[in-house]
Amino acid sequence: AEAYYWLAELYLKAGQRAKGVATMERSARLAPENLRLQEELGATYEHSGQPNEAQQVYEQALAKAKDEKVVARLTKRLGLLRARRADASGDKQGALRELQALNKKYPNDPQLMENLALSLENLGRTDEADRVFNSLLALRPNSVPLRMRRANDLAQRKRYAEAEVEYKKALELDSTNRNA
């Protein structure tokens, strides 16, 4: 099963998506008890534009999971997938509800917090988005990509002085970073 997994990764990196998906399916099928391989299959489906299949695989793996870390990881993946699907279908409030539930269950998770802030921003709830972004920056003060995203967001809202501060902080952290 592991060899098929690595072969699938190779195909996917080489741009052979259909071959990569089929090989990843074979890997997961050969080791149904291996939740890591099941999770990788779900991620492969997600990246291949097959959200229904991804959701099904994540749900099945979650039903088998016993380890607390695995349960948390699968729950987050499944919740983020549901939020993306709700957002893509135009249900911005549904996406927000999913993200709020995830953030309540897993507070201080940077990925979840960033998704929540962006969802709030998309709904025009900028004050709430600002609070989440500020909490996130408190957790990850040295994250250049996060500072850049925050600065771009502020500039877009014509909050130029605050954007300037964030851009300068990003440059202080890494003046050689191409994104800073």
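Bear in mind the structure is a predicted one, so any value in this text is a computation, not a measurement.

Asker: Outline the overall build of the chain, supporting the account with residue identities and numerical values.
Answerer: Along the backbone of the chain there are 10 helices and zero strands. In the chain, the succession of helices and strands from N to C terminus is α-α-α-α-α-α-α-α-α-α. Expressed along its principal axes, the backbone C-alpha trace of the chain runs to roughly 55 × 35 × 30 Å. Considering the chain as a whole, with its 180 residues, one finds that 41% of them fall into the buried category. Across the chain, contacts joining residues at least 24 apart in sequence account for 40% of those joining residues at least 6 apart.

Asker: Mind laying out the packing of aromatic side chains, listing which residues take part and the relevant values?
Answerer: Aromatic rings in a pair are described by how distant their centres are and how their planes are angled relative to each other. Applying the stated criterion across every chain, the model contains one aromatic pair. With centroids separated by 4.8 Å and ring planes inclined at 75°, the aromatic side chains of Tyr-5 and Trp-6 adopt a geometry described as edge-to-face. According to the relative accessible area criterion, Tyr-5 is buried, its value standing at 7%. When its relative accessible area of 53% is taken as the criterion, Trp-6 is described as exposed. The ring of Tyr-5 has Arg-36 lying over it, and the distance from NZ or CZ to the ring centre is 4.9 Å.

Asker: Pulling in residues and values, what's your account of the pattern of salt bridges?
Answerer: All chains considered together, the criterion is met by 18 salt bridges. Between Arg-82 and Glu-59 there is a salt bridge, with its nearest N and O atoms 3.1 Å apart. Pair noted here: Arg-82 is in helix α5 (residues 68-88) and Glu-59 is in helix α4 (residues 51-64), with a separation of 23 residues, a long-range link. For Glu-59, a relative accessible area of 34% gives the class partly exposed. Of the charged contacts in the structure, one is a salt bridge between Glu-166 and Arg-147, with a shortest N-O distance of 2.7 Å. Residue Glu-166 is found in helix α10 (residues 160-173), and its partner Arg-147 is found in helix α9 (residues 144-156); the two are separated by 19 residues along the sequence.

Asker: How would you summarise the packing of α5 against helix α6 (residues 92-105) if you had to cite specific residues and measurements?
Answerer: Closest axis-to-axis distance for the α5/α6 pair is 7 Å, and the angle between their directions is 165°. Taken together, the axes of α5 and α6 lie roughly antiparallel to each other. Crossing of α5 against α6: the hand is left-handed. Of the residues in α6, those touching α5 at Thr-75, Lys-76, Gly-79, Leu-80, Arg-82, Ala-83, Ala-86 and Asp-87 are Lys-92, Gly-94, Ala-95, Glu-98, Leu-99, Leu-102 and Lys-105. Partitioned by chemical class, the residues of the contact of α5 with α6 number six nonpolar, three polar and six charged.

Asker: Hey, could you go over helix α3 (residues 35-47) for me, with residue numbers and the actual values?
Answerer: Over its 13 residues, α3 runs 18 Å from end to end, which matches the ideal 18 Å to within 8%, given 1.5 Å per residue. Burial analysis of α3 places 10 of its 13 residues in the buried class, the great majority of the element. Considered for burial, the residues of α3 that qualify are Leu-35, Leu-37, Gln-38, Glu-39, Leu-41, Gly-42, Ala-43, Thr-44, Tyr-45 and Glu-46. With a side-chain oxygen positioned 3.1 Å from the backbone nitrogen of Arg-36, the residue opening α3 is Asn-34. Positive backbone phi, at 75°, marks Gly-49, one or two positions downstream of α3.

Asker: Residues and numbers for the side chain of Ser-27, please.
Answerer: Summarising the element assignment, Ser-27 is placed in helix α2 (residues 17-30). Ignoring sequence-local partners within four residues, the contact set of Ser-27 consists of Ala-1, Tyr-4, Tyr-5 and Leu-37.

About the cut-offs
- Residues numbered from 1 in each chain as written.
- Predicted model: local features only at pLDDT ≥ 70, side-chain atom pairs only at ≥ 80, totals over all residues.
- Heavy atoms only, no water.
- Helix = DSSP H or I, 4+ residues; strand = E, 2+ residues; numbered from the N terminus.
- Buried < 20%, exposed > 50% of the residue type's maximum accessible area, 1.4 Å probe, protein only.
- Contact = heavy atoms within 4.5 Å.
- Phe/Tyr/Trp six-rings, centres within 6.5 Å; stacked < 30°, edge-to-face > 60°.
- Lys NZ or Arg CZ within 6 Å of the ring centre and 35° of its normal.
- Salt bridge = Lys/Arg side-chain N within 4 Å of Asp/Glu carboxyl O.
- Axes fitted to C-alpha atoms, helices over the stretch in contact; angles between N-to-C directions.
- Parallel < 35°, antiparallel > 145°, perpendicular 65-115°, else oblique.
- Left-handed = near helix turned anticlockwise from the far one by under 90°.
- Nonpolar A, V, L, I, M, F, W, Y, C, P; charged D, E, K, R; others polar.
- Expected span 1.5 Å × (residues − 1).
- Polar contact = N/O pair within 3.5 Å; in protein donor to acceptor, adjacent residues only side chain to side chain.

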